[in-house]
Each structure stands twice: as C-alpha cells, then as structure tokens.
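# Fold and geometry: a report
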Amino acid sequence: MYTDALLKDVLTRTKTIAVVGVSLNPVRPSYYVARYLSLKGYRVVPVNPGHAGEILFGAEVKAALSEITEPVDMVDIFRRSEAVPPIVEEALACFPALQTIWMQIGVENAEAAALAEARGVTVIQNRCPKIEYQRLFGE
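Below is a short write-up of the structure. (Residues numbered from 1 in each chain as written. Predicted model: local features only at pLDDT ≥ 70, side-chain atom pairs only at ≥ 80, totals over all residues. Heavy atoms only, no water.)

## Notes on the packing of helix α3 (residues 84-94) against helix α4 (residues 110-118)
To keep things clear, this is the line we draw: A fitted line through C-alpha atoms represents every axis, and for helices the fit uses only the stretch in contact; the resulting angles, taken between N-to-C directions, go from 0 to 180 degrees. Think of it this way: any DSSP run of H or I at least four residues long counts as a helix, any run of E at least two long counts as a strand, and we number them from the N terminus. Under this scheme an angle from 65 to 115 degrees is roughly perpendicular, one under 35 degrees roughly parallel, and one over 145 degrees roughly antiparallel; angles in between are oblique. Take the far helix as the reference: if the near one is turned anticlockwise from it by less than a right angle, the crossing is left-handed, and if turned clockwise, right-handed. Here a residue-residue contact requires only that any non-hydrogen atoms of the pair lie within 4.5 Å. Just so you know the grouping, Ala, Val, Leu, Ile, Met, Phe, Trp, Tyr, Cys and Pro go in nonpolar, Asp, Glu, Lys and Arg go in charged, and all remaining residues, Gly too, go in polar.
Where α3 contacts α4, the axes come no closer than 8 Å and their chain directions differ by 15°. Overall, the two elements α3 and α4 adopt an arrangement that is roughly parallel. Read as a crossing pair, α3 and α4 show a hand that is right-handed. Across the interface between the two elements, Val84, Pro85, Val88, Glu89 and Leu92 from α3 touch Glu111, Ala112, Leu115 and Ala116 from α4. Class assignment for the residues of the contact of α3 with α4 results in seven nonpolar, no polar and two charged.

Structure, rendered in structure tokens:
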C-alpha cells in the first residue's frame with residue numbers, strides 16, 4: 001500500500017515528531033519507538049496527559065498537541081483506532097505546516113485519514129516508523 005519511496009521520503013523530510021500516547025514505561029512500544037526516533041536525530045515531543053510535565057528524552061511531556069509551541073512535521077499516534085479522529089482534528093488545527101499523520105501498527109481510521117488527506121497531509125496507517133526506518137536505512 002505504501003511504497004518504499006514514500007516511506008523513505010517521509011522519514012527523510014521529517015524533523016520534529018509529536019508522539020501521542022507515549023508511555024514512560026521502557027518496555028512499552030510507545031516508549032522504545034519514541035526513544036529510537038530521538039536517538040536517530042528526530043526532535044521528539046512526547047504527548048500524554050497522564051504524564052504531563054515530566055521529562056522524557058530531554059523534552060517535557062505535553063498533555064495535548066495544543067500545548068506544543070513549535071512546528072511539528074509528523075504526529076505519530078499510539079492510541080486505539082477509535083480515538084484517532086479528535087487527535088487528527090487537533091493536529092490539523094495546531095500545526096498548519098503538518099506533513100504527516102502516522103498511525104502505529106494496529107491503528108487505522110479511514111475517517112481521520114480522509115480528513116488529513118483532504119488538507120494535503122500524508123497519512124500512513126498500521127505501520128511503525130521505527131521498523132520502517134530500520135528496514136529502509138539498513139539497520
């Protein structure tokens with residue numbers, strides 16, 4: 001469904017990633033994916049209302065996307081599929097230059113995808129940026 005060229009382009013052009021639903025537990029996928037991305041040079045902004053104000057990977061955990069004051073290129077979503085539409089709506093409202101909505105493995109929402117795509121935002125569903133980075137960049 002997604003070409004390697006598209007995935008590589010997204011991972012190359014992206015600089016700042018808001019990770020929605022990140023956990024502070026190092027055995028959770030959301031933690032180690034966000035950590036991996038930060039180690040690869042991406043600026044990771046963690047978003048989780050249950051951990052707001054704590055520090056993760058050198059950045060303050062935000063309660064919501066609306067609390068982020070810097071531009072964000074990608075929103076990476078670690079939430080159930082049914083929770084995605086309001087996250088996408090908030091992302092589109094907060095980040096006029098948003099390039100990508102990325103939904104993690106097992107996360108898909110056609111309604112939210114259509115909304116983002118109508119605004120010219122690339123949407124990737126049911127994939128993991130860590131796995132794709134490792135595969136495409138030979139790690």
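Moving on from the coordinates now.
## Topic: the nonpolar core
Which entries qualify depends on this criterion: Working definition of a nonpolar core: buried Ala, Val, Leu, Ile, Met, Phe, Trp, Tyr and Cys residues. They are joined through side-chain atoms within 4.5 Å. Each residue is placed in one exposure class: buried if its accessible area under a 1.4 Å probe, protein chains only, is under 20% of its type's maximum, exposed if it is over 50%, and partly exposed if it falls in between.
Membership of the largest hydrophobic core comes to 24 residues, with the highest contact counts inside it found for Leu65, Val75, Leu98 and Ile101. Among the secondary structure elements, those contributing two or more residues to this core are β1 (16-20), β2 (43-47), β5 (74-77), α3, β6 (100-103) and α4. The element contributing the most residues to this core is α3, with five residues. Each residue touching Val75, except ones within four places of it in the same chain, is listed here: Ala18, Val20, Leu65, Ile87, Ala91, Phe95, Leu98, Thr100, Ile101 and Trp102. Val22, Val33, Ala34 and Leu56 belong to the second-largest nonpolar core, a separate cluster that totals 23 residues.

## Some thoughts on unusual backbone geometry
Its identity as a non-glycine residue notwithstanding, Phe57 has a phi of 55°, on the positive side. Here Phe57 lies in the loop between β3 (55-56) and β4 (59-60). Positive phi values are uncommon outside glycine, yet Asn126 reaches one of about 60°. By the element assignment, Asn126 lies in the loop between β7 (122-124) and α5 (129-136).

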